[in-house]
Amino acid sequence: MDIEASGFGLGSYPIEIGIVMPDGRAWCSLVRPEADWQHWDPNAAAMHGITREQLQLYGRSPTEIADMLNEWLHGEVIYSDAWAHDFTWLSKLYDAAERTPHFRLENLRLLLSDDEAASWHELKRQVASTLALERHRASADARLLQTTLMALRQAEAA
């Protein structure tokens, strides 16, 4: 899982959520902000390229997204490489939706040995270059995490 946000810190909120399943299926959605979600960091916006107008026009409500995530991820453990941020933003989404996640979000680091963790960032950079992802968005970032983990496991098996 990857979550793009309005910025970092107090008041920030999720603006896009992307997941990639083990079988390669992917799901992604913009999040329509709640009325009291006002924080907007221009530096974060420059990174992900999402505008407030796009969120209003194309975003789904937190309730729709929470229900969809629960349907796709029911009973699963999913992983994020920015667990502390993503956990907070996911909690904000579920609180707004008045829902409870039917899955567990964990830190991707739990899947890695110390040696794997030491090589993770360089391998991720190489995989990103190979994939030539055109945008820094939640679904592309989730795909990058999955592909990097698969490349790491294949390198170990060889």
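Owing to the predicted nature of the structure, the values given are computational and were not obtained by experimental measurement. (Residues numbered from 1 in each chain as written. Predicted model: local features only at pLDDT ≥ 70, side-chain atom pairs only at ≥ 80, totals over all residues. Heavy atoms only, no water.)

## Here we look at the overall build of the protein
Next up, step 1: Of regular secondary structure, the protein possesses 6 helices and 5 strands.
Next up, step 2: If you list the helices and strands of the protein from N to C, you get β-β-β-α-α-α-β-α-β-α-α.
Next up, step 3: Relative to the compact-globule value of 15 Å for 158 residues, the protein shows a C-alpha radius of gyration of 16 Å, a close match.
Next up, step 4: Expressed along its principal axes, the backbone C-alpha trace of the protein runs to roughly 50 × 35 × 25 Å.
Next up, step 5: Across the 158 residues that make up the protein, the buried fraction comes to 42%.
Next up, step 6: Restricting to contacts in the protein with at least 6 residues of sequence separation, those with at least 24 account for 71%.
Next up, step 7: Element-wise, carbon and sulfur atoms account for 52% of the exposed surface of the protein, whose accessible area totals about 8,700 Å². (Helix = DSSP H or I, 4+ residues; strand = E, 2+ residues; numbered from the N terminus. Rg over C-alpha atoms; globule rule 2.2 N^0.38 Å. Buried < 20%, exposed > 50% of the residue type's maximum accessible area, 1.4 Å probe, protein only. Contact = heavy atoms within 4.5 Å. Areas by Shrake-Rupley, 256 points an atom, 1.4 Å probe, with all protein chains shown as cover.)

## Looking at the nonpolar core
Next up, step 1: Met1, Ile17, Leu69, Leu73, Leu90 and Leu93 are the most contacted members of the largest nonpolar core, which totals 26 residues.
Next up, step 2: Of all the secondary structure elements, the ones that give two or more residues to this core are β1 (2-5), β2 (14-20), β3 (26-30), α3 (62-73) and α4 (83-97).
Next up, step 3: Tallying contributions element by element places α4 first for this core, with 5 residues.
Next up, step 4: With near-sequence residues (within four places) excluded, isoleucine 17 lies in contact with Met1, Asp2, Ile3, Trp27, Cys28, Ser29, Val31, Ile65, Leu69, Leu90, Leu93 and Ala138.
Next up, step 5: One finds Ala117, Leu123, Val127 and Leu145 within the second-largest nonpolar core, a separate group that totals 10 residues. (Core = buried A, V, L, I, M, F, W, Y, C linked by side-chain atoms within 4.5 Å.)

## Here's the deal with the environment of phenylalanine 103
Next up, step 1: Examined against the element boundaries, phenylalanine 103 turns out to sit in the loop between α4 and β5 (104-107).
Next up, step 2: Not counting chain neighbours up to four residues away, the residues in contact with phenylalanine 103 comprise Leu69, Asn70, Leu73, Gly75, Glu76, Ile78, Leu90 and Tyr94.

## Remarks on the pattern of salt bridges
Next up, step 1: A full pass over the atoms with the stated rule returns 8 salt bridges.
Next up, step 2: In this structure, arginine 137 engages glutamate 16 in a salt bridge whose closest nitrogen and oxygen atoms are separated by 2.9 Å. Taken together, the residues span a long stretch of sequence, with arginine 137 in the loop between α5 (114-131) and α6 (138-157) and glutamate 16 in strand β2 at a distance of 121 residues. Glutamate 16 shares its class with arginine 137; the two are buried.
Next up, step 3: The salt bridge partner of glutamate 122 is arginine 125, with a shortest N-O separation of 2.5 Å. Here glutamate 122 pairs with arginine 125, and both are found in helix α5, just 3 residues apart, close to one helical turn.
Next up, step 4: Looking at glutamate 122, the relative accessible area reads 38%, which means it is partly exposed. (Salt bridge = Lys/Arg side-chain N within 4 Å of Asp/Glu carboxyl O.)

## Section: the environment of lysine 124
Next up, step 1: For lysine 124, the position within the fold is in helix α5.
Next up, step 2: Separated by 27 residues in the primary sequence, lysine 124 and alanine 151 place their C-alpha atoms 9.0 Å from one another.
Next up, step 3: Those residues in contact with lysine 124, other than ones at most four positions away along the chain, are Asp81, Leu144, Leu145 and Thr148.

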